[in-house]
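Okay, here's what each chain looks like letter by letter:
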Amino acid sequence: MSIALRYAARSDVGLVRSNNQDSGYAGSHLLVVADGMGGHAGGDVASSVAIGHLARLDSETPASDIVATLEAAVLEANQEILRRARDEPQLHGLGTTITALLRAEGKFALAHIGDSRAYLLRQDETVQVTKDHTFVQRLLDEGRLTEDEAERHPQRSVLMRVLGDVDAEPELDLSLRAAHPGDRWMLCSDGLSGLVSLDTIDATLKQIDDPGECAEALIQLALKGGGPDNITCIIADVVDLDALPRGEEAPSTTPQTVGSAARNRHAPTAASGPAAKAAALTREEPEVPYEDEDFAAEEPPRRSAWPALAAVVLLLALVGGLLWGGWAWSQRQFFVGTDGTHVVLYQGLSQDLGPVDMSTPLEVTDIPLSDLPEVTRQQVENTISAADRESADAIIARLERAAENNRPPLEPSDAGGASAATPPASDAGGASDAGGAADESTAEQGEGT
């Protein structure tokens, strides 16, 4: 039996927040929701870093290593978040939840920390698979609160376990589960699960077959409930490829990245419903400065213009300093992308600021984009962020090995050519050199594997 996923990822900033600190990723082997926290910028950074590390797993992984592989990637993401908090004081306290599913050979590895959730619809019953790592959940487990009291508790969002600048050694919930054809998985941030009941989630998962439409419907329900938080939702159906009806296409393997980790982080992926339109109508327009009609243009004020001019100069200097500081920071960032034909190392940010190009190519590598496996090629096209130049070089080295392993083997030469190219057996030095080369080739292949 050959298993695949039919998936969709959606995210919305909600009706109250000004920016989206959630991130989500859905691919043929990996599903992740990360809900960032830690101020206006910190949450964005934490969830994006987590998605950036985990997205590298979106490929075939031996089932025997799947849980350990997922755990290692989450802990590496935690170390990167801690490094960012240490190097950038303004990010102090940043963190993120993680709920991730990694698929291999008909099995799922599940890693979870925080209060994002995973739900499973199997045989007409939807169950919550993960348990929230919150203060209120602890009180529930101890029998000190009822379910009704927990829903109204003022501290229901206080987290006890997260990734990031809180705990250097986070404790993950890890498990291994079978991937049954017909299963439907739903991963979401608490912006959805905090407003939409399990009964409503169950009914929606059963009623709407298309994963994308189902995810959008669930987000609209959260928006109708007030949408006070960012809302991210991933729907994934487990499909038996051998049982597909004739003529039906296999599920797409194109990854979907949403929220703050997306290339255009401010573009909503689900905000076209009635609730979102109503919110747009009710948002207050900025006040227009009052204009004194008794003040005629031909009667300028008699006050000196110097204070206003000095204020303008100071404002311009402040704006210039902020722009320069932002530019200097951006040039300490690196990412790996493509010029359309080859893998390229860039310095700066992958997002442009209007007409201003925020990145410059540092190195056009010899790695043809066409030599990479399809999933890896898509990740390069979407750009792969790196913490520093050393990390970027390591990414390029991995891509070079992936390209080498993906190239078809060389055609064998004819017998005459092989005979002519083979050195005499009596040449001991040549035999030794050939043996050494073979050993090195074997070692390199081992490393690539």
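Residues numbered from 1 in each chain as written. Predicted model: local features only at pLDDT ≥ 70, side-chain atom pairs only at ≥ 80, totals over all residues. Heavy atoms only, no water.

1. Focus: the overall build of the protein
Stage number 1. Helix and strand counts for the protein come out as 13 helices and 17 strands.
Stage number 2. The proportion of buried residues among the 449 residues of the protein is 41%.
Stage number 3. Here the analysis covers contacts within the protein between residues at least 6 apart in sequence; of these, 70% occur between residues at least 24 apart.
Stage number 4. Looking at the protein as shown, the accessible area adds up to about 24800 Å², and 53% of this sits on carbon and sulfur atoms. (Helix = DSSP H or I, 4+ residues; strand = E, 2+ residues; numbered from the N terminus. Buried < 20%, exposed > 50% of the residue type's maximum accessible area, 1.4 Å probe, protein only. Contact = heavy atoms within 4.5 Å. Areas by Shrake-Rupley, 256 points an atom, 1.4 Å probe, with all protein chains shown as cover.)

2. Concerning a nonpolar patch on the surface
Stage number 1. Judged by side-chain polarity, L315, L318, V319 and L322 come together as a nonpolar surface patch covering roughly 390 Å² of accessible area.
Stage number 2. Tracing the chain through its elements places L318 in helix α9 (residues 306-330). (Patch = residues over 30% accessible without salt bridge, like charges linked within 9 Å, V, L, I, M, F, W, Y side chains within 5 Å. Salt bridge = Lys/Arg side-chain N within 4 Å of Asp/Glu carboxyl O.)

3. What about a negative patch on the surface?
Stage number 1. Judged by side-chain charge, E147, D148, E149 and E151 come together as a negatively charged surface patch.
Stage number 2. Structurally, E147 can be placed in helix α4 (residues 147-152). (Lys, Arg positive; Asp, Glu negative; His and termini not counted. Charge placed at Lys NZ, Arg CZ, Asp CG, Glu CD.)

4. Here we look at the side chain of S23
Stage number 1. By the secondary structure assignment, S23 is in strand β2 (residues 22-26).
Stage number 2. Judged by its relative accessible area of 0%, S23 is buried.
Stage number 3. A distance of 2.9 Å separates a polar atom in the side chain of S23 from a polar atom in the side chain of S47.
Stage number 4. A distance of 3.1 Å separates a polar atom in the side chain of S23 from the backbone nitrogen of A261. (Polar contact = N/O pair within 3.5 Å; in protein donor to acceptor, adjacent residues only side chain to side chain.)

5. Considerations on the state of the cysteines
Stage number 1. This model, assessed by the stated rule, comprises zero disulfides.
Stage number 2. Sulfur of C188: no disulfide; nearest cysteine sulfur belongs to C233 and is 6.3 Å away.
Stage number 3. Residue C188 is classed as buried on the basis of its relative accessible area, which comes to 0%. (Disulfide = S-S within 2.5 Å.)

6. Structural notes on the nonpolar core
Stage number 1. Core analysis: the biggest nonpolar cluster contains 29 residues, and L54, L70, V74 and I98 have the highest contact counts within it.
Stage number 2. At the level of secondary structure, the elements contributing two or more residues to this core comprise β3 (30-37), α1 (39-54), α2 (66-87), β5 (98-104) and β6 (107-113).
Stage number 3. For I98, the contacting residues outside a window of four places in its chain are V32, V33, A34, A50, L54, V74, A111, H112, I113 and L163.
Stage number 4. Core analysis: the next-biggest nonpolar cluster, separate from the first, contains 20 residues, A26, L101, V129 and A179 among them. (Core = buried A, V, L, I, M, F, W, Y, C linked by side-chain atoms within 4.5 Å.)

7. Section: the pairing of strand β1 (residues 3-12)
Stage number 1. The element β1 is extensively covered by neighbouring structure, given that nine of its ten residues are classed as buried.
Stage number 2. Two strands pair when backbone bridges link them, and β1 and strand β12 (residues 231-240) are joined in this way by ten bridges, in the antiparallel orientation. Within the sheet, the bridge partner assigned to R6 lies in β12 and is D237. (Pairing = 2+ DSSP bridges.)

8. Let's talk about the sheet that holds strand β14 (residues 334-338)
Stage number 1. Pairing in this open sheet of four strands is antiparallel, and the strands run β16-β15-β14-β17 from one edge to the other. Two strands in the sheet have a free side with no partner beyond their single neighbour: β16 (359-368) and β17 (384-386). Taken pair by pair, the neighbouring strands of this sheet meet at an average axis angle of 25°, ignoring direction.
Stage number 2. With five bridges joining them, β14 and strand β15 (residues 342-348) adopt antiparallel strand pairing. Looking at β15, one finds that F334 is bridged to Q347.
Stage number 3. Sitting on the sheet, helix α10 (residues 374-381) is in contact with β14, β15 and β17, with an inclination near 120° to β14.
Stage number 4. Along the sheet, helix α11 (residues 389-406) makes contact with β14, β15, β16 and β17, crossing β16 at roughly 25°. (Axes fitted to C-alpha atoms, helices over the stretch in contact; angles between N-to-C directions.)

9. A few points about the side chain of R10
Stage number 1. Structurally, R10 can be placed in strand β1.
Stage number 2. Accessibility expressed as a relative area gives 17% for R10, which makes it buried.

10. Comments concerning the sheet that holds β1
Stage number 1. Sheet architecture is open: five strands sit in the order β1-β12-β11-β7-β8, paired in antiparallel fashion. Sheet topology places β1 and β8 (125-128) at the edges, where each strand pairs with a single neighbour. When strand polarity is set aside, the average angle formed by the axes of neighbouring strands in this sheet is 15°.
Stage number 2. Sheet analysis places strand β7 (residues 117-122) next to β8, joined by four bridges and oriented antiparallel. For Y119, the partnering residue across the bridge sits in β8 and is Q128.

11. A short note on the pattern of salt bridges
Stage number 1. If you walk through the whole model with that rule in mind, you get 17 salt bridges.
Stage number 2. Residues D87 and R83 are paired through a salt bridge, measuring 2.6 Å at the closest nitrogen-oxygen approach. Residue D87 and its partner R83 are both found in helix α2; the two are separated by four residues, about one turn of the helix.
Stage number 3. By relative accessible area, D87 is classed as partly exposed at 43%.
Stage number 4. Overlapping salt bridges bring together E80, R83, R86 and D87 as one network.

12. Topic: the environment of R10
Stage number 1. Taking the C-alpha atoms as reference points, R10 and I231, separated by 221 residues in sequence, lie 8.3 Å from one another.
Stage number 2. A polar contact of 2.9 Å, which involves the side chain of R10, links it to the side chain of E216.

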